[in-house]
Amino acid sequence: MLTWLVVLLLCAPGHASLPLVINTWAFRDAAAAAWRALQAGGGVLDAVEIGCARCEAEQCDGSVGFGGSPDETGETTLDAMIMNGNTMEVGAVADLRKVKNAIGVARAVMERTDHTLLVGESATAFAESMGFIPEDLTTNKSMNIFTQWLKGNCQPNYRKNVIPDPSKYCGPYKPTATPEPSRRPRLTNIHSHDTIGMIAVGEDGQVAAGTSTNGANHKVPGRVGDSPIAGAGAYADRSAGGAAATGDGDIMMRFLPSYLAVELMRAGADPSTACAMAISRIKRHYPQFFGAVICANTTGHYGAACNKRPGFSRFHYMVSDSHTDPPLLKSVDCF
Ligand code: SD4
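Residues numbered from 1 in each chain as written. Predicted model: local features only at pLDDT ≥ 70, side-chain atom pairs only at ≥ 80, totals over all residues. Heavy atoms only, no water.

1. Here we look at the site of the ligand
And step 1. As a structural note, the neighbourhood of the ligand is formed by 13 residues, with T195, R223, D226, G247 and G249 the closest of them.
And step 2. At 2.8 Å, a backbone N or O of G247 approaches a nitrogen atom of the ligand.
And step 3. The protein chains hide 97% of the 290 Å² of surface that the ligand would expose on its own.
And step 4. By residue class, the composition of the shell around the ligand is one nonpolar, nine polar and three charged. (Near = heavy atom within 4 Å. Polar contact = N/O pair within 3.5 Å; in protein donor to acceptor, adjacent residues only side chain to side chain. Areas by Shrake-Rupley, 256 points an atom, 1.4 Å probe, with all protein chains shown as cover. Nonpolar A, V, L, I, M, F, W, Y, C, P; charged D, E, K, R; others polar.)

Written out as structure tokens, the structure is:
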């Protein structure tokens, strides 16, 4: 009861005029690019693609797109998705290698195949066949993060129940005889905000949502997070609204928070409450998880919520509508 009182006080819903774009974190250029796309006559899908692509190109604070979150082998791989809330079509790529414009490839999956999700080297081959240029995603910065990690005995990492002891040594690892519950705290770097999630709502109530990320630092090669999974990283449905998530994708994807938030809005919850309830659902099982959700409905109401934990008590996001030029930085207290 007390928690809900706090949620209601902290998550005062916002209202904007339509069209509206909201996105995770203080990614201002991405917000402005998406807004300009709408102003130039583009649709909601264009806004989401162009906004997220801006983040990919300029690596949004160094953590989206190429040159971030090197995996255990030092490679940067990308996850992205885009969803058309009018047709319920989704295009996504996961573990995409050697192509910078992941959200562009995701849109190509949606518009140029009957599939929803392509992964790994095959996604790269598809991207190349669609005219995307293959490039090395490694930068001096990502190489430096990787070499420092190697020098530090590959700490931290995501391994458990393997030998040699992953809390002390690098691999290669082999499984231990019997898996046991891990006592190590989860590896989450709350200062590495690796995902842009964006929702665009058109004047006529059309909705699109999308994400783009380089995932998690030092991930096990092949790891895919929540961002390219419909209902987890983002979700859009013209008859209710859109939502997008950021944070510890390995945990969050188990709860489909974007889908849950959209369904709650469909059932009548305002966006702030819907976001908060999606966070609460995860919190019940993982009280310390790192994550936030943004939500918008088709009448221009929007909101966000985040899980309070050490080092993360306030979440920032961007709002763009006809009254906000440049896009407005908003924030919400985590609960
Ligand atoms: C992932 N959800 O791959 C992404 C990372 C992120 O803020 O959003 N970090 O788990």
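This is not the end of the story, as more comes after the structure.
2. A closer look at the domain arrangement of the chain
And step 1. Each assigned domain of the chain is listed with its residue range as follows: domain 1 (11-138 + 192-333) and domain 2 (140-175).
And step 2. Look at where the C-alpha atoms of domain 1 and domain 2 centre, and you get two points 29 Å apart.
And step 3. On the domain 1 side of the contact with domain 2, E72, T138 and H218 bury the most area, a combined 47% of that side's loss.
And step 4. The tally of links between domain 1 and domain 2 comes to one salt bridge.
And step 5. A salt bridge links E72 to R159; its shortest N-O distance comes to 2.6 Å.
And step 6. In this assembly, domain 1 and domain 2 are joined by one residue pair in polar contact (both at pLDDT 80 or more).
And step 7. In terms of residue class, the side of domain 1 that touches domain 2 is made up of four nonpolar, nine polar and four charged. (Domains from an automatic or database assignment. Buried area = accessible area lost by both parts, 1.4 Å probe. Salt bridge = Lys/Arg side-chain N within 4 Å of Asp/Glu carboxyl O.)

3. Quick look at the state of the cysteines
And step 1. Applying the stated criterion across every chain, the model contains four disulfides.
And step 2. Each sulfur of the disulfide joining C55 and C60 lies 1.9 Å from the other. Between C55 and C60, the disulfide has an S-S torsion of -105 degrees and is therefore left-handed.
And step 3. In this model C154 forms its disulfide with C170; the gap between the sulfur atoms is 1.9 Å. Sign of the S-S torsion, about 95 degrees for the bond between C154 and C170, identifies this disulfide as right-handed. Of this pair, C154 sits in the loop between α6 (140-151) and β6 (162-163) while C170 sits in the loop between β6 and β7 (174-175), placing them 16 residues apart in sequence. (Disulfide = S-S within 2.5 Å. Helix = DSSP H or I, 4+ residues; strand = E, 2+ residues; numbered from the N terminus.)

4. Re the nonpolar core
And step 1. Among the nonpolar cores identified, the biggest contains 90 residues, and V93, I199 and F315 are the most heavily contacted of them.
And step 2. Take this core: its biggest share by element is seven residues, from helix α4 (residues 102-112).
And step 3. Setting aside chain neighbours within four positions, we find V93 in contact with L78, D79, A80, A102, V105, A106, V109, L117, L118, A123 and P228. (Core = buried A, V, L, I, M, F, W, Y, C linked by side-chain atoms within 4.5 Å. Buried < 20%, exposed > 50% of the residue type's maximum accessible area, 1.4 Å probe, protein only. Contact = heavy atoms within 4.5 Å.)

5. Describing the packing of helix α2 (residues 28-39) against helix α3 (residues 44-58)
And step 1. Orientation of α2 relative to α3, taken along the N-to-C sense of each, is 150 degrees, at an axis distance of 8 Å. Regarding the angle of α2 to α3, the classification is roughly antiparallel. Every pair of crossing elements has a handedness; the one defined by α2 and α3 is right-handed. For the pair formed by α2 and α3, the contact residues are D29, A30, A33, A34, R36, A37 and L38 on the first element and V44, D46, A47, I50, G51, R54, C55 and E58 on the second.
And step 2. Taken together, the residues of the contact of α2 with α3 break down into nine nonpolar, one polar and five charged. (Axes fitted to C-alpha atoms, helices over the stretch in contact; angles between N-to-C directions. Parallel < 35°, antiparallel > 145°, perpendicular 65-115°, else oblique. Left-handed = near helix turned anticlockwise from the far one by under 90°.)

6. Points about the environment of A47
And step 1. Note on placement: A47 falls in helix α3.
And step 2. A sequence separation of 20 residues divides A47 from G67, and the C-alpha atoms of the two residues are 24 Å apart.
And step 3. If we skip the residues at most four places from it in the chain, A47 touches A34, A37, L38, M198 and A200.

7. Things to note about the pattern of salt bridges
And step 1. Overall, the coordinates contain 14 salt bridges when judged by the stated rule.
And step 2. A salt bridge links R107 to E111; its shortest N-O distance comes to 3.0 Å. Of this pair, R107 and E111 both sit in helix α4, four residues apart, which is roughly one turn of that helix.
And step 3. When its relative accessible area of 43% is taken as the criterion, E111 is described as partly exposed.
And step 4. Through salt bridges with shared partners, a single network forms among D46, E49, R107 and E111.

8. Points about the packing of aromatic side chains
And step 1. If you walk through the whole model with that rule in mind, you get nine aromatic pairs.
And step 2. For the ring pair W25 and F315, a centre distance of 4.9 Å and an interplane angle of 80 degrees mean the geometry is edge-to-face. Remark: F315 occurs in strand β14 (residues 314-320) and W25 occurs in the loop between β2 (20-24) and α2; sequence separation between them is 290 residues.
And step 3. Here W25 falls in the buried class, since its relative accessible area comes to 5%.
And step 4. With a relative accessible area of 0%, F315 lands in the buried category. (Phe/Tyr/Trp six-rings, centres within 6.5 Å; stacked < 30°, edge-to-face > 60°.)

9. Here's the deal with the sheet that holds strand β13 (residues 301-306)
In a beta sheet, neighbouring strands are held together by backbone hydrogen bonds and run either parallel or antiparallel to one another.
And step 1. Read across the open sheet, the five strands follow the order β1-β13-β12-β11-β10; overall the sheet is antiparallel. Of all strands in the sheet, those with a lone pairing partner are β1 (14-15) and β10 (234-237), marking the two edges.
And step 2. As judged from the seven bridges shared by strand β11 (residues 241-247) and strand β12 (residues 291-297), these two strands associate in the antiparallel manner. By the bridge assignment for β12, G241 is matched with N297.
And step 3. This element, helix α8 (residues 257-266), spans β10, β11 and β12 of the sheet and lies at about 150 degrees to β11.
And step 4. Together, β12 and β13 form the strand contacts of helix α9 (residues 271-285), whose direction differs from that of β13 by roughly 25 degrees. (Pairing = 2+ DSSP bridges.)

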